Structures are given as structure tokens and as C-alpha cells.
Amino acid sequence: MEMLLTSVKPYALIAGKILAIVSIAVGQVAFWGICGFGGYKIGDIIATKMNPDYVNYLDAIIELLAKDNGANAFTWYSFAIAFVFIVVGFLTYSVLAGLVAATVSKLEDLSTGMALFQLPVIFGWLAAYLTPVFNIKLLDKVINYVPVSSPFAAPGNIILGKMSVLEGMISLLILSATCVGLILYTGKVYKGKLFNRK
């Protein structure tokens, strides 16, 4: 590793390791999503050919929700932004896990470190899940921009049209900047641990 870090920047090494794993995970989920959507559309075509009076109630519900929530709801670009948001959010949390792992000196301490990693994950999910229950408008807006909770809240709100495309892009930029900052910081921590270990 010492030899490798003399020719490769620490953040590039960390980013490469994490991006490889994230790419595999995202590829699997994207494949499942494409297969599910393709199966749904093929089933819809077959059902329509078999029964001309067939009504797809899921499409009707989506159209009704789209009318109620505005022009951005359930559009192809809202799905695209939400997908990118999920990927960047997953990458950010993966980098955070890498940061926690880089601070651990011994393998025995890894479980304690990962317990610390789980705190922001649980907090972010609970904030996104419980905020709509309390119906506080300001808090409902804030969770879409805070990098800990935005990966859980913003994709659904973008698809439903509760966030405009511009708001979604601003939130995505904040999350992306956080991810890049975490990558750079994790690289420094990793390099420091590697060269200063006793």
C-alpha cells in the first residue's frame, strides 16, 4: 500500500475501491428495475390483447397522482433525477462507511466503528419517514437538503412532484459536494493511518 500511495492519490484509491462495489450494487438494482418495468409493460400489452376491455388500475392511479401533484410528478426526468439521487446517496453512505473503516486500527474494533456509522443512517431514515407525520412544512423542506436525510426523502418527493426539478438538482448538488468532501477526507485519514501506524 505504501508503494501504491506514492503513485496514486489517497482519495483516488479510496474512490476506486468504493466505486467498484457501488457500481456492482447499482448495476444489480438497475437490472432488477429494468426487468420489473419490462415485465410490467409486456404483461400490460398481453392483457390488453387478450381482453380489449382491460383497465390497468396502476396506470390510472399514477395518472390521478400526477394530476394532483403537478406537471413534474411521475415524469421520465423525475425518475431519472431520483435514480441519480439514490446512486449518489448510496455512494455517500458507502464513503462514510469507508471513513469509519479507515479510522479503525484493529479488526476487533470494526463492529464498534460500524455502530457509529449506523447512527446517521438510522437518523436520516427516521427523519425522512417521520417528518411528514408531524406535518411541519419547514422541517419537511429541510430534510430534502440535509445530506444525512436527503437520500431517503428527496427521491420520493421528486417522483411525486413535491419537489421541483430545480429543487431536486440543488439538493443533488449539495449531496454530491458532501460525497466529494467525504472522499477527500477519507483519503487523508487512510493515508495518515497507513503511514503513521505503529
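This report concerns the structure included in the present document. (Residues numbered from 1 in each chain as written. Predicted model: local features only at pLDDT ≥ 70, side-chain atom pairs only at ≥ 80, totals over all residues. Heavy atoms only, no water.)

Positive phi, normally seen in glycine, also occurs at Phe74, with a value near 55 degrees. Note on placement: Phe74 falls in the loop between α3 (57–69) and α4 (76–103). Non-glycine residue Asn135 carries a positive phi angle of around 55 degrees. Structurally, Asn135 is set in the loop between α5 (110–134) and α6 (137–142). (Helix = DSSP H or I, 4+ residues; strand = E, 2+ residues; numbered from the N terminus.)

When you tally the buried positions in helix α7 (residues 150–160), you get eight out of eleven residues, the bulk of the element. Positive phi appears at Gly161, one or two residues downstream of α7, with a value of about 85 degrees. (Buried < 20%, exposed > 50% of the residue type's maximum accessible area, 1.4 Å probe, protein only.)

A few words on α3. The end-to-end C-alpha distance of α3 is 18 Å, a good match for the 18 Å that 13 residues give at a rise of 1.5 Å each. Where α3 starts, the residue carrying a side-chain oxygen 3.0 Å from the main-chain nitrogen of Leu58 turns out to be Asn56. Positive backbone phi, approximately 105 degrees, marks Gly70, located one or two places after α3. (Expected span 1.5 Å × (residues − 1). Polar contact = N/O pair within 3.5 Å; in protein donor to acceptor, adjacent residues only side chain to side chain.)

The next thing to look at is the pattern of salt bridges. One pass over the structure, following the stated rule, counts one salt bridge. The closest approach of N and O atoms between Glu167 and Lys141, which form a salt bridge, is 3.4 Å. Here Glu167 is found in helix α8 (residues 165–196), whereas its partner Lys141 is found in helix α6, with 26 residues between them in sequence. The exposure class assigned to Glu167 is partly exposed, which follows from its relative accessible area of 22%. Exposure remark for Lys141: the relative accessible area of 42% places this residue in the partly exposed category. (Salt bridge = Lys/Arg side-chain N within 4 Å of Asp/Glu carboxyl O.)

Shape is all these values report; function is a separate question.
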